[in-house]
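# Observations on the three-dimensional arrangement
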Amino acid sequence: MSTRISVIGMGTMGVGIAQILIASGYEVMWLGHNKNSVEAGLAGIDASLHKAVKKGMMTEQKMTDAKGMLSTTTEYKDIEGSEAIIEAVKESVDVKIDVLRSADRHRGHSVIATNTSSISITRLSEALEDKGAFLGMHFFNPAPVMKLVELVVTEHTSEEAEGRARSIANACGKTAVRVNDYPGFIANNILIPMLYEAAILLERNVAEKEGIDTIARLGLNHPMGPFELADFIGLDVCKEMADSIYDATKDERFKTPDSIKGMVAAGKLGRKTGEGFYIYKEGRQGA
Ligand code: CAA
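Just so it is clear, the structure is predicted and the values come from calculations on it, not from any experiment.

### Notes on the overall build of the protein
Scanning the protein for helices and strands turns up 11 helices and 10 strands. Taking 19 Å as the expected radius of gyration for a compact globule of 287 residues, we find that the protein reaches 19 Å, a close match to that expectation. For the C-alpha atoms alone, the extent of the protein along its principal axes is close to 60 × 45 × 35 Å. Looking at the protein as a whole, 48% of its 287 residues qualify as buried. Of the contacts made within the protein by residues no fewer than 6 positions apart, 65% connect residues no fewer than 24 positions apart. Surface exposure of the protein reaches about 14300 Å², of which carbon and sulfur atoms provide 52%. Charged side chains of the protein number 33 positive and 39 negative; the gap between the two group centres comes to 3 Å.

### Focus: the pattern of salt bridges
Overall, the coordinates contain 16 salt bridges when judged by the stated rule. Measuring nitrogen to oxygen at the nearest pair gives 3.9 Å for the salt bridge that ties Glu91 to Lys96. Between Lys239 and Asp243 there is a salt bridge whose closest N-O contact spans 2.9 Å. Of the two residues, Lys239 and Asp243 both sit in helix H10 (residues 235–249), 4 residues apart, roughly one turn of that helix. The partly exposed category is assigned to Asp243, whose relative accessible area is 29%. Bridged by salt links that share partners, the residues Glu83, Glu160 and Arg164 form one connected network.

### Points about the site of the ligand
If you check the shell around the ligand, you find 23 residues, and the closest are Lys51, Lys55, His138, Asn141 and Arg271. In the environment of the ligand, an oxygen atom lies 3.1 Å from a nitrogen or oxygen atom belonging to the side chain of Asn188. Note that an oxygen atom of the ligand is positioned 2.4 Å from one of the side-chain N or O atoms of Arg271. Protein burial of the ligand: of its 1000 Å² of free accessible surface, 71% is covered by the chains. The set of elements that each furnish at least two residues to the shell around the ligand consists of helix H2 (35–54), helix H7 (187–203) and helix H9 (226–233). For the shell around the ligand, the class distribution of residues is 14 nonpolar, 6 polar and 3 charged.

### Observations concerning the side chain of Thr73
The residue Thr73 is located in strand E3 (residues 70–73) in this model. At a separation of 2.5 Å, a polar atom in the side chain of Thr73 contacts the side chain of Asp78. Leaving out residues up to four positions away in the same chain, Thr73 has contacts with Met29, Trp30, Leu31, Gly32, Val38 and Asp78.

### A closer look at a positive patch on the surface
Taken together, Lys51, Lys54, Lys55 and Arg271 make up a surface patch of like positive charges. With respect to the element layout, Lys54 can be found in helix H2. On the accessibility criterion, Lys54 (78% relative accessible area) is exposed.

### Some points on helix H1 (residues 12–23)
Compared with an ideal rise of 1.5 Å per residue, which puts 12 residues at 16 Å, H1 spans 17 Å between its outermost C-alpha atoms and is within 8% of the ideal. Most of H1 is tucked away, with 11 of its 12 residues classed as buried. Within H1, the full set of buried residues consists of Met13, Gly14, Val15, Gly16, Ile17, Ala18, Gln19, Ile20, Leu21, Ile22 and Ala23. Count one or two residues on from H1 and you reach Gly25, which has phi positive near 95°.

### Focus: the side chain of Glu228
Mapped onto the fold, Glu228 is located in helix H9. Separated by 3.1 Å, the side chains of Glu228 and Arg217 make a polar contact.

Conventions used here
Throughout this document, residue positions are counted from 1 along each chain, in the order its sequence is written. Where local features are concerned, this predicted model is filtered to residues with pLDDT of at least 70; where side-chain atom pairs are given and counted, the filter is 80 or more; whole-chain, interface and lining totals use all residues. Hydrogens are left out, water is left out, and the side-chain values use all remaining heavy atoms of the structure. Each helix is a run of DSSP H or I of at least 4 residues and each strand a run of E of at least 2, with the numbering of both proceeding from the N terminus. A radius of gyration in this sense is built from C-alpha atoms; the matching globule rule multiplies 2.2 Å by the number of residues raised to 0.38. With a 1.4 Å probe rolled over the protein chains alone, any residue whose accessible area is under 20% of its type maximum counts as buried; one over 50% counts as exposed, and the rest are partly exposed. Here a residue-residue contact requires only that any non-hydrogen atoms of the pair lie within 4.5 Å. Per-residue and other accessible areas follow the Shrake-Rupley method at a 1.4 Å probe size, with only the shown protein chains counted as cover for residues. Asp and Glu are treated as the negative residues and Lys and Arg as the positive ones, with His and the ends of the chain left uncounted. Taken as the charge location is NZ of Lys, CZ of Arg, CG of Asp or CD of Glu. A pairing counts as a salt bridge when a side-chain nitrogen of Lys or Arg comes within 4 Å of a carboxyl oxygen of Asp or Glu. Residue proximity to a molecule or strand is established when one non-hydrogen atom of the residue lies within 4 Å of it. Under the rule applied, a polar contact is a pair of N or O atoms within 3.5 Å (in protein, one hydrogen donor and one hydrogen acceptor; residues adjacent in sequence only if both atoms are side-chain atoms). Residue polarity follows a fixed list, in which Ala, Val, Leu, Ile, Met, Phe, Trp, Tyr, Cys and Pro are nonpolar, Asp, Glu, Lys and Arg are charged, and the others, Gly among them, are polar. Only residues above 30% relative accessible area that lack a salt bridge enter a patch, with like-charged residues linked at up to 9 Å and the nonpolar side chains Val, Leu, Ile, Met, Phe, Trp and Tyr linked at up to 5 Å. Here a helix's expected span is defined as the number of its residues, less one, multiplied by 1.5 Å.

So, in structure tokens, the structure goes:
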């Protein structure tokens, strides 16, 4: 019998994490908020699996086998008996604490991990009876493609919990890097100042946005330029991450540039709203 992992949350990251687990041979119990989120989650994972097939990352047969490993539920009791529980609900301390408390009641002996990009793992650990079983597993978007997981440990995280989380990440083909709990961990402490510096250079009219993106792609070998990437992540998400790091550190590098603040206020959030730094038509960059 295969090992069972529970995933909570059916947004972009929940879909990606559930996908990599079922594709790696884990049975997944996928918990959604209500019937509508389950339906949306299933549509999302179906589209994402088809994308993976189209890109030659898996065969049709492997996709069918993977789908057979997935069960969905809206009841916390169904997560009982899991090797691990991975929470990937929306990036809000209150919502995450609520979900983690509910999950903890059905945890049994499982490791419990949160996928967050900037919320303090130590703060979230307050939701749990046994803080030793808890850590952060920070996956990157798109989860099926990105090879890294930041394993974020608190002073309470046990070696066993860290080891089990690392084994799961490795079994999914990811490299796991241990990081001590710190505002923004490592990747976003590098990423946000880079994105914001690009926006400031654009505000100063040093080059056009297309030029700055080309420089990062061809001069630094980044797969996407900073504006393409910011649009891909979502400008609201970038700002939320930056605000969270700024609140904790008061580090000026995380103060959102006016141009990005303006776009967020105007609802120009990037690809998901059809406009950010660029205009998108059917997911493609337009004029
Ligand atoms: N399964 C599901 N979706 C996939 C996929 C797969 N196997 N492979 C690619 N995709 C998605 C991409 O996300 C993209 O989404 P849309 O359809 O919504 O546009 C789409 O397929 C098209 O991909 P393309 O074929 O056009 O491009 P590609 O495959 O050559 O590369 C990319 C796409 C992987 C996103 C690449 O450009 C890349 O690596 N970009 C950088 C991504 C990055 O830096 N991510 C980290 C973001 S920061 C973060 O996640 C941390 C945080 O806390 C917010």
